[in-house]
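Residues per chain are reported as follows:
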Amino acid sequence: MSTFIKRNIKNKGARKRKQSSDSDEKEEESSVVVTHDKRKKANPNVQSTTAVRKAQSKSLDANSSNSDEDEASIVVSYKSKRTAQSEGPRDQGATAELEIETETDKDAQAIYQKSIDINKELEGKEDDKVYRGLNNYTQFFKKKDSALGNAASGMVRKGPIRAPANIRSTVRWDYQPDICKDYKETGYCGFGDSCKFLHDRSDYKHGWQLEQEGSSTGKSYAADDSDGDDTKYEIHSDDDELPFKCYICRESFVDPIMTKCKHYFCERCALAQYKKSSRCAICGVQTNGVFNPAKELIARFKTREMEGNNSDSD
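The shown structure was predicted, so the numbers you read here are calculated from the model rather than taken from an experiment. (Residues numbered from 1 in each chain as written. Predicted model: local features only at pLDDT ≥ 70, side-chain atom pairs only at ≥ 80, totals over all residues. Heavy atoms only, no water.)

Chemist: Is there a simple way to explain the overall build of the protein chain in this structure?
Modeler: Scanning the protein chain from N- to C-terminus turns up 8 helices and 3 strands. For the protein chain, the succession of helices and strands along the chain, N to C, is α-α-α-α-α-α-β-β-α-β-α. By residue count, 12% of the 314 residues in the protein chain fall in the buried class. Residue pairs in contact within the protein chain that sit at least 24 positions apart in sequence constitute 36% of those at least 6 positions apart. (Helix = DSSP H or I, 4+ residues; strand = E, 2+ residues; numbered from the N terminus. Buried < 20%, exposed > 50% of the residue type's maximum accessible area, 1.4 Å probe, protein only. Contact = heavy atoms within 4.5 Å.)

Shown next as structure tokens:
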């Protein structure tokens, strides 16, 4: 009779732990466990944001390290020419040329002159089958040297004229747009009487020019009667607004006062009215017993007294 014994094959691939003599000491010490992430196979059906964030953080770290290296490698150094002359043109741009137009070796005049020179060179020779451009075909009919013909100078030719290189642009602020500038500066206008602008050659100074001249010289153009006192030209209309008699007693003011609503009374009349009512006798506004001395009215009475005394003395 045969018997079968079942073997325990659990943990078949596991390695046996080596036993050491100081195993008891290691068990007493604190052990640190380090977990390693297992590499997972990339599954396109599974999407997550953690992997994207990790990739972005890695790219940012790489860019920052590269930028630090670039900044460390960039060095700016300045070296003097050791000359006492200033940079730029020595004649302060007096002989500078205008460079905003087409170059003189590429404009229409240069192209036309080049075609004329090539035709003169190939005149009477056999065709060499060489293409020299659209503008340089052989011309069997020689044109006359005129503006409509073979002229190649700057101002006597057809087509675009080469712009002058020595002209400087100037700006003029026109404070009188209704006046003909030609007639004012030269006394002649090509339009004649049909010019829509005013033909006037008189020269007027602006207000700011008059003020500037007056302040610089210490004089004014109205020095005969102004004397620098601007109050002479002020128009005072307060005399018409000030009353000449009290509203309550219907007589001339005696110690005049003024209420908050700017009504004038005698001091005695105002106090008597206040015992009856605290409101204004004219408009009925609450005064609360506030009465101020009427300085303007008192000053007016004084000036009238002075004028009367002066007239009596004369």
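Now that the structure is up, let's keep going.
Chemist: Is there a simple way to think about the environment of lysine 262 in this case?
Modeler: Assignment of secondary structure puts lysine 262 in the loop between strand 1 (256-258) and strand 2 (264-266). With 18 residues separating them along the chain, lysine 262 and cysteine 280 place their C-alpha atoms 10.0 Å apart.

Chemist: What's the story with the packing of aromatic side chains in this structure? I'm lost.
Modeler: Given two aromatic rings, one states the distance between the centres and the angle between the planes to describe the pair. The final tally for this structure, using the stated rule, is 3 aromatic pairs. Taking 6.4 Å as the distance between ring centres and 35° as the angle between the ring planes, the aromatic pair formed by phenylalanine 253 and phenylalanine 301 counts as tilted. Note that phenylalanine 253 is positioned in the loop between helix 6 (238-241) and strand 1 and phenylalanine 301 in helix 8 (residues 295-313), a separation of 48 residues in sequence. A relative accessible area of 24% means that phenylalanine 301 is categorised as partly exposed. Measuring from centroid to centroid gives 6.2 Å for tyrosine 274 and phenylalanine 291, while their planes differ by 85°, and the two rings are edge-to-face. (Phe/Tyr/Trp six-rings, centres within 6.5 Å; stacked < 30°, edge-to-face > 60°.)

Chemist: Before we go on, may I ask you to explain a nonpolar patch on the surface in this structure?
Modeler: Judged by side-chain polarity, Tyr131, Leu134 and Tyr137 come together as a nonpolar surface patch covering roughly 410 Å² of accessible area. Mapped onto the elements, tyrosine 131 comes out in the loop between helix 3 (108-121) and helix 4 (181-186). Residue tyrosine 131 is classed as exposed on the basis of its relative accessible area, which comes to 58%. (Patch = residues over 30% accessible without salt bridge, like charges linked within 9 Å, V, L, I, M, F, W, Y side chains within 5 Å. Areas by Shrake-Rupley, 256 points an atom, 1.4 Å probe, with all protein chains shown as cover. Salt bridge = Lys/Arg side-chain N within 4 Å of Asp/Glu carboxyl O.)

Chemist: Would you explain the sheet that holds strand 1 in this entry?
Modeler: Sheets are built from strands that pair by backbone hydrogen bonding, the pairs being arranged parallel or antiparallel. In space, the 3 strands of this open sheet follow the order 2-1-3, with antiparallel pairing throughout. Both edges of this open sheet fall to strand 2 and strand 3 (292-293), since each of them pairs with a single strand only. As defined by bridge partners, strand 1 adjoins strand 2 across 3 bridges and the pair is classed as antiparallel. The residue of strand 2 that forms the bridge with methionine 258 is tyrosine 264. Running over the sheet, helix 7 (residues 267-276) touches strand 1 and strand 2 and is turned about 95° from strand 2. (Pairing = 2+ DSSP bridges. Axes fitted to C-alpha atoms, helices over the stretch in contact; angles between N-to-C directions.)

Chemist: Looking at this structure, I do not really get unusual backbone geometry. What am I missing?
Modeler: With the exception of glycine, most residues fall at negative phi, and the peptide bonds are largely trans. Non-glycine residue aspartate 255 carries a positive phi angle of around 55°. Considering the arrangement of structural elements, one finds aspartate 255 in the loop between helix 6 and strand 1. Exposure remark for aspartate 255: the relative accessible area of 51% places this residue in the exposed category.

Chemist: Sorry if this is basic, but what is going on with helix 3 here?
Modeler: Structurally, the α-helix is built with 3.6 residues per turn, so residues lying three or four positions apart point the same way. Taking 1.5 Å as the rise per residue, helix 3 with 14 residues should run 20 Å; its terminal C-alpha atoms sit 20 Å apart, in good agreement. If you check which residues of helix 3 are buried, you get Gln109, Ala110, Tyr112, Ser115, Ile116, Ile118 and Asn119. (Expected span 1.5 Å × (residues − 1).)

Chemist: Please explain the nonpolar core as it appears in this structure.
Modeler: Generally speaking, nonpolar side chains in soluble globular proteins are found buried as a group. Core analysis: the biggest nonpolar cluster contains 12 residues, these being Leu242, Cys246, Phe253, Ile257, Tyr264, Phe265, Cys266, Cys269, Ala270, Cys280, Ala294 and Leu297. Elements with a contribution of two residues or more to this core: strand 2 and helix 7. It is strand 2 that contributes the most residues to this core, 3 residues altogether. When residues no more than four places from it in sequence are discounted, the contact partners of tyrosine 264 are Leu242, Pro243, Phe253, Ile257, Met258, Ala294, Glu296 and Leu297. (Core = buried A, V, L, I, M, F, W, Y, C linked by side-chain atoms within 4.5 Å.)

Structural measurements only, silent on function.
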